[in-house]
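The chain contents come next:
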Amino acid sequence: MAFQLLVTAGDGIGPEVTREAVSVLQTVFARSGQSLEVTEKRIGGIAIDTDGTPLPADTLEAALASDAVFLGAVGGNKWNALPPSTRPESGLLQLRAALGGFANLRPAFSIAELAANSPLKLDIVSGTDILFVRELLGGLYFGSPREWNRAAGEAWNTMRYTRDEITRVARIAFDLARKRGKKLTSVDKANVLEVSQLWRSTVTDVAADYPDVTLEHQLVDSMAMLLMTSPRNYDVVLTENLFGDILSDESAVITGSLGMLPSATIGGRVNLYEPIHGSAPDIAGKGLANPLGAILTGALVLRHSAGMDAEAEAIESAVRSALQLGFRTADLVRASTTDFTVLSTTEMGKKIRELLPA
Ligand code: NAD
């Protein structure tokens, strides 16, 4: 049976980078003799313009019936005046909620050839390869009670987790660590928060089923520092929702460009895949968008939804080769450097397809 991929390219550079990622996936499926069926639906600003809503019913229906959903990016200046609940971004939030993924995977890596683009020192970032596993549906963002009592000048949120919520995301993180460097760092604030004490005790219990994976615990404040001073020490980093939001953004600087980073949200009804960048209205339509984050997101589709690990690695290796050969999109080139071949969005997509194994 064909693998059913729903593509929601969205706004701005979303369609530009998605086109290249899908084209790479089509090449990989064709070469491996497997069948891929791509359906395209609208989401975000373009859906507001045509359907009057950022998440049309037929998009949601198609998403729930698919094997995986690939999203480009949503949003743009044109829709900024709308109230938050009807903006393009609300379509993405509704889609995430409907698909129900609770584990957000976000790699932070430094391909040696790109380390020079990082604001951090080359000898610190070079060779970094971290996979963040962030719990996405619990914690402070969802816990109740929550309220801003304006009259009393007081506001509160609740950081709440159950043992089951922690166990299911920890299992995903341990399974991934087992396939990578066999090291898992669990982040909490167990010296102060009861919810973190439950987190630490639950993760320690789950670790008993993974004797081949080394578990360490880190407090979130020291982890924020350690990620910048010794990022190479980390393999899989497991966090609750708020801590992961902050630490994974902090670590995005390691790569040096937003355009390079993929993400996946798994564990729900259907997995959702998206590059971490937004719709970049400042460069939309100019052929300047870096499609590598979207292309690497395609590799995550293969690994986490299609059971095609070798093909995922082939895409990642083609990206590394392109960089080693000196090919760059404009965001990866500093003004002072001249020894690179600068490619447009479509040229970079074509280059990656050429570098895939025959
Ligand atoms: P952004 O990620 O779109 O852009 C930030 C900067 O990075 C810009 O200078 C942009 O040109 C650059 N950039 C981003 N992706 C790039 C790529 N692939 N290649 C080269 N350069 C790239 O973030 P923003 O400017 O804060 O937001 C723009 C719009 O995107 C807003 O409407 C925002 O709400 C939306 N947004 C959407 C998502 C999503 O769909 N998941 C995520 C973040 C922001």
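In this text the structure is predicted, and so the values were computed from the model without any measurement.

Rules used throughout
- Residues numbered from 1 in each chain as written.
- Predicted model: local features only at pLDDT ≥ 70, side-chain atom pairs only at ≥ 80, totals over all residues.
- Heavy atoms only, no water.
- Helix = DSSP H or I, 4+ residues; strand = E, 2+ residues; numbered from the N terminus.
- Rg over C-alpha atoms; globule rule 2.2 N^0.38 Å.
- Buried < 20%, exposed > 50% of the residue type's maximum accessible area, 1.4 Å probe, protein only.
- Contact = heavy atoms within 4.5 Å.
- Areas by Shrake-Rupley, 256 points an atom, 1.4 Å probe, with all protein chains shown as cover.
- Lys, Arg positive; Asp, Glu negative; His and termini not counted.
- Charge placed at Lys NZ, Arg CZ, Asp CG, Glu CD.
- Pairing = 2+ DSSP bridges.
- Axes fitted to C-alpha atoms, helices over the stretch in contact; angles between N-to-C directions.
- Near = heavy atom within 4 Å.
- Polar contact = N/O pair within 3.5 Å; in protein donor to acceptor, adjacent residues only side chain to side chain.
- Nonpolar A, V, L, I, M, F, W, Y, C, P; charged D, E, K, R; others polar.
- Expected span 1.5 Å × (residues − 1).
- Phe/Tyr/Trp six-rings, centres within 6.5 Å; stacked < 30°, edge-to-face > 60°.
- Right-handed = clockwise from strand over helix to strand, strands pointing away.
- Parallel < 35°, antiparallel > 145°, perpendicular 65-115°, else oblique.
- Left-handed = near helix turned anticlockwise from the far one by under 90°.
- Patch = residues over 30% accessible without salt bridge, like charges linked within 9 Å, V, L, I, M, F, W, Y side chains within 5 Å.
- Salt bridge = Lys/Arg side-chain N within 4 Å of Asp/Glu carboxyl O.
- Domains from an automatic or database assignment.
- Buried area = accessible area lost by both parts, 1.4 Å probe.

**Examining the overall build of the protein chain**
(1) Moving on: Per the secondary structure count, the protein chain includes twelve helices and 14 strands.
(2) Moving on: Whereas a compact globule of 358 residues would reach a radius of gyration of roughly 21 Å, the protein chain reaches 20 Å, a difference of no more than 12%.
(3) Moving on: Sorting the 358 residues of the protein chain into buried and exposed places 51% on the buried side.
(4) Moving on: Across the protein chain, every contact between residues at least 6 apart in sequence was considered, and the portion connecting residues at least 24 apart equals 75%.
(5) Moving on: If you sum the accessible surface of the protein chain, you get close to 15500 Å²; carbon and sulfur atoms cover 53% of it.
(6) Moving on: Taking the average location of the 33 positive side-chain charges in the protein chain and that of its 42 negative ones, the two points are 2 Å from each other.

**Remarks on the sheet that holds strand β5 (residues 129–135)**
(1) Moving on: Pairing is mixed across the open sheet formed by ten strands, whose spatial order is β2-β1-β3-β12-β11-β4-β5-β10-β8-β9. Strand pairing shows two members of the sheet lacking a second neighbour, β2 (36–40) and β9 (214–219), which therefore form its edges. Pairwise comparison of adjacent strand axes, ignoring direction, gives a mean angle of 25° for this sheet.
(2) Moving on: Bridge count between strand β8 (residues 183–188) and β9: six bridges; the pairing is parallel.

**Digging into the site of the ligand**
(1) Moving on: Near the ligand there are 20 residues, and of these Val74, Glu89, Gly278, Ala280 and Asn290 occur at the shortest range.
(2) Moving on: With respect to the ligand, the backbone of Val74 contributes an N or O atom lying 2.9 Å from an oxygen atom.
(3) Moving on: Burial of the ligand by the protein amounts to 68% of the accessible area it has alone, namely 810 Å².
(4) Moving on: Across the shell around the ligand, the residue classes break down as nine nonpolar, seven polar and four charged.

**Describing helix α11 (residues 309–324)**
(1) Moving on: In this model, α11 (16 residues) spans 22 Å end to end at C-alpha, consistent with the 22 Å of a helix rising 1.5 Å per residue.
(2) Moving on: Of all the residues in α11, the buried ones are Glu311, Ala312, Ala314, Ile315, Glu316, Ala318, Val319, Ala322 and Leu323.
(3) Moving on: Next to the buried residues of α11 lie α1 (14–31), α10 (292–304), β13 (327–328) and α12 (345–355).
(4) Moving on: In the segment just after α11, Gly326 is the residue with positive phi, at about 95°.

**Considerations on the packing of aromatic side chains**
(1) Moving on: Across all of its chains, the model carries three aromatic pairs by this definition.
(2) Moving on: Ring centres 5.5 Å apart and planes at 65° place the aromatic pair Tyr161 and Trp199 in the edge-to-face group. Note that Tyr161 is positioned in the loop between β7 (154–156) and α6 (163–179) and Trp199 in helix α7 (residues 194–207), a separation of 38 residues in sequence. With respect to burial, Tyr161 and Trp199 carry one shared label: buried.
(3) Moving on: When the centroid spacing of 4.9 Å and the interplanar angle of 15° are considered together, the rings of Phe174 and Tyr210 count as stacked.

**Re the pairing of β8**
(1) Moving on: Counting buried positions along β8 gives five out of six residues, so the element sits mostly inside the fold.
(2) Moving on: With α7 bridging β8 and the parallel β9, this β-α-β connection has right-handed handedness.

**Concerning the packing of α1 against α12**
(1) Moving on: Axis separation between α1 and α12 bottoms out at 9 Å; the angle between their running directions is 15°. By the angle between their axes, α1 is roughly parallel relative to α12. For the element pair α1 and α12, the recorded crossing hand is right-handed. Note on element contacts: α12 touches α1 through Thr345, Thr346, Gly349, Lys350, Ile352 and Arg353, opposite Glu16, Glu20, Ser23, Val24, Thr27 and Arg31.
(2) Moving on: Grouping the amino acids of the contact of α1 with α12 by side-chain chemistry returns two nonpolar, five polar and five charged.

**Concerning a nonpolar patch on the surface**
(1) Moving on: On the surface, Leu137, Tyr141 and Phe142 cluster together to form a nonpolar patch covering roughly 260 Å² of accessible area.
(2) Moving on: By the secondary structure assignment, Leu137 is in the loop between β5 and β6 (147–149).

**Quick notes on the domain arrangement of the protein chain**
(1) Moving on: Each assigned domain of the protein chain is listed with its residue range as follows: domain 1 (1–100 + 268–358) and domain 2 (105–258).
(2) Moving on: Taken together, the 14 residues of domain 1 in the interface contact 14 residues of domain 2.
(3) Moving on: Together domain 1 and domain 2 conceal approximately 1300 Å² of surface at their shared face, both sides included; 67% is due to carbon and sulfur atoms.
(4) Moving on: Between the two partners, domain 1 and domain 2, sit zero salt bridges.

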